[in-house]
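# Architecture at a glance
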Amino acid sequence: MKSIILATLLLTAVSVGSTRAEEDQNCTQAPKDKWLSENSIKDKAKATGLDVRRVKMEGSCYEVYAIDAKGNKVEALFNPETGSAVGNESE
């Protein structure tokens, strides 16, 4: 029973930590009317070699869900004003 509780607490801590890291990421202070379109971000991500599956806004960043050249799932963060990659999480 103790191992089940410990495993549950560990998984909760890990998931909260990764979500918090994304929330703490500040990609830009620019107003949204200055942001690039989702299609522009998709094109920039493809130019870096990613096979883009989905793009969404998350806080002040664009999140790109994609497959990298090695076939790994990647969640990459892009600055919506400049289109530059600012971080990622691989699975």
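Described in the following lines is the structure provided in the data block. (Residues numbered from 1 in each chain as written. Predicted model: local features only at pLDDT ≥ 70, side-chain atom pairs only at ≥ 80, totals over all residues. Heavy atoms only, no water.)

### Notes on the overall build of the chain
Across its full length, the chain holds two helices and four strands. Out of the 91 residues belonging to the chain, those deemed buried represent 27%. Of the contacts formed within the chain by residues at least 6 apart in sequence, a portion of 35% connects residues at least 24 apart. (Helix = DSSP H or I, 4+ residues; strand = E, 2+ residues; numbered from the N terminus. Buried < 20%, exposed > 50% of the residue type's maximum accessible area, 1.4 Å probe, protein only. Contact = heavy atoms within 4.5 Å.)

### Describing the packing of aromatic side chains
The geometry of an aromatic ring pair is captured by two quantities: the separation of the ring centres and the angle between the planes. Scanning the entire structure with this criterion turns up one aromatic pair. Aromatic pair Trp-35 and Tyr-62: ring centres 5.7 Å apart, planes at 65 degrees, arrangement edge-to-face. Remark: Tyr-62 occurs in strand 2 (residues 61-67) and Trp-35 occurs in the loop between helix 1 (2-24) and helix 2 (38-47); sequence separation between them is 27 residues. Summarising the burial analysis for this pair, Trp-35 and Tyr-62 share the class buried. (Phe/Tyr/Trp six-rings, centres within 6.5 Å; stacked < 30°, edge-to-face > 60°.)

### Things to note about the pattern of salt bridges
Tallying each qualifying case throughout the model produces three salt bridges. A network of salt bridges, in which partner residues are shared, links Lys-56, Glu-58 and Glu-63. (Salt bridge = Lys/Arg side-chain N within 4 Å of Asp/Glu carboxyl O.)

### Here we look at the state of the cysteines
Chemically, a disulfide is nothing more than a covalent bond linking the sulfur atoms of two cysteines. Applying the stated criterion across every chain, the model contains one disulfide. A sulfur-sulfur separation of 1.8 Å characterises the disulfide bridge that pairs Cys-27 with Cys-61. Here the S-S torsion is close to 90 degrees, and the disulfide linking Cys-27 with Cys-61 is therefore right-handed. Taken together, the residues span a long stretch of sequence, with Cys-27 in the loop between helix 1 and helix 2 and Cys-61 in strand 2 at a distance of 34 residues. Taken as a pair, Cys-27 and Cys-61 share a single burial class, namely buried. (Disulfide = S-S within 2.5 Å.)

### Looking at the pairing of strand 2
With six of its seven residues buried, strand 2 lies for the most part within the structure. Judged from the seven bridges that link them, strand 1 (residues 51-58) and strand 2 form a sheet pairing that is antiparallel. Residue pairing across strands places Val-55 opposite Val-64, the latter belonging to strand 2. Two successive antiparallel strands, strand 1 and strand 2, enclose a turn made up of two residues, where Gly-59 displays a positive phi of approximately 65 degrees. Hairpin connection, strand 2 to strand 3 (residues 73-78): the antiparallel pair is bridged by five residues, and Gly-71 has positive phi, about 85 degrees. (Pairing = 2+ DSSP bridges.)

That is the geometry; function is a separate question.
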